[in-house]
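Okay, here's what each chain looks like letter by letter:
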Amino acid sequence: NDVLMVNPIRDGLNLVAMAGALVNDRDGGLVLSRYAGAWPALGEWADGVNPYDVSETASALSTALSRPAEPRRALAGARRLTQHVGRILSMPLRR
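Residues numbered from 1 in each chain as written. Predicted model: local features only at pLDDT ≥ 70, side-chain atom pairs only at ≥ 80, totals over all residues. Heavy atoms only, no water.

A.B. asks: Please provide a residue-by-residue account of helix 1 (residues 14-23), values included.
C.D. replies: Residues of helix 1 that are buried include every one of A17, G20 and A21, and no others. Along the long axis of helix 1, the arc covered by the buried residues comes to 100°, so they all point the same way. Turned more than 90 degrees off the buried face of helix 1, the exposed positions are L15 and V23. (Buried < 20%, exposed > 50% of the residue type's maximum accessible area, 1.4 Å probe, protein only. Helix = DSSP H or I, 4+ residues; strand = E, 2+ residues; numbered from the N terminus. Arc of directions from axis to C-beta.)

Quick look at the structure:
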């Protein structure tokens, strides 16, 4: 299993988490800092962590790495859909 960990101590690395959701073709997990700017958009489908809490981060990594295939696929699909819809909604309207 693959897991992307994006763990800033304050807002940042949003593009890493969002791009990771789009390019992830192996249904990998996402461990995401609750302080990341991407948390409001992706937190529902990520294993959230406090970046200062090493034990919580280790536990989240373990959970993400051991998650069975079907729940992994569902979470990864939801992250991809969220990012596709977000990109479409943020596009300027053209005539």
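Okay, back to it.
A.B. asks: Report on unusual backbone geometry, specifying residues and quantitative values.
C.D. replies: The phi dihedral of D27 falls on the positive side, at around 55°, and the residue is not glycine. Mapped onto the fold, D27 is located in the loop between helix 1 and strand 2 (29-33). Since its relative accessible area comes to 13%, D27 is described here as buried.

A.B. asks: Summarise the sheet that holds strand 1 (residues 3-6); cite the residues concerned and give the values.
C.D. replies: Spatially, 1-2-3 is the arrangement adopted by the 3 strands of the open sheet, whose pairing is parallel. Only two strands of the sheet have a single neighbouring strand rather than two, namely strand 1 and strand 3 (47-49). Across this sheet, the average inter-strand angle for adjacent strands is 15°, counted without regard to direction. By the bridge criterion, 4 bridges tie strand 1 to strand 2 in an arrangement that is parallel. In the sheet register, L4 faces strand 2, and the bridge partner there is L30. Along the sheet, helix 1 contacts strand 1 and strand 2; its crossing angle with strand 1, the most-contacted strand, is approximately 165°. Its contacts with the sheet place helix 3 (residues 54-66) against strand 1, strand 2 and strand 3, and it is angled at close to 170° to strand 3. (Pairing = 2+ DSSP bridges. Axes fitted to C-alpha atoms, helices over the stretch in contact; angles between N-to-C directions. Contact = heavy atoms within 4.5 Å.)

A.B. asks: Explain the pairing of strand 2 to me, using residue names and the numbers behind them.
C.D. replies: For strand 2, the tally of buried residues reaches 5 of 5 residues, placing the bulk of the element in the interior. Burial of the side chains of strand 2 extends over both faces: G29, V31 and S33 are buried on one face and L30 and L32 on the other. Taken together, strand 1, helix 1 and strand 2 constitute a β-α-β crossover, and its handedness is right-handed. Bridge count for strand 2 against strand 3 is 3 bridges, and the pairing is parallel. By the bridge assignment for strand 3, S33 is matched with V49. (Right-handed = clockwise from strand over helix to strand, strands pointing away.)

A.B. asks: Can you tell me about the side chain of R67, naming the residues and giving the values?
C.D. replies: Secondary-structure assignment places R67 in the loop between helix 3 and helix 4 (69-90). Among residues more than four places away in sequence, those in contact with R67 are N1, D47, R72 and L75.

A.B. asks: How would you explain the environment of Y35 if you had to name every residue and give the values?
C.D. replies: Position of Y35 relative to the elements: it lies in the loop between strand 2 and helix 2 (39-42). When the C-alpha atoms of Y35 and I9 are compared, they prove to be 6.1 Å apart, with 26 residues separating the residues in sequence. What Y35 contacts, discounting residues up to four positions off in sequence, is P8, I9, R10, D11, N50, P51 and Y52.

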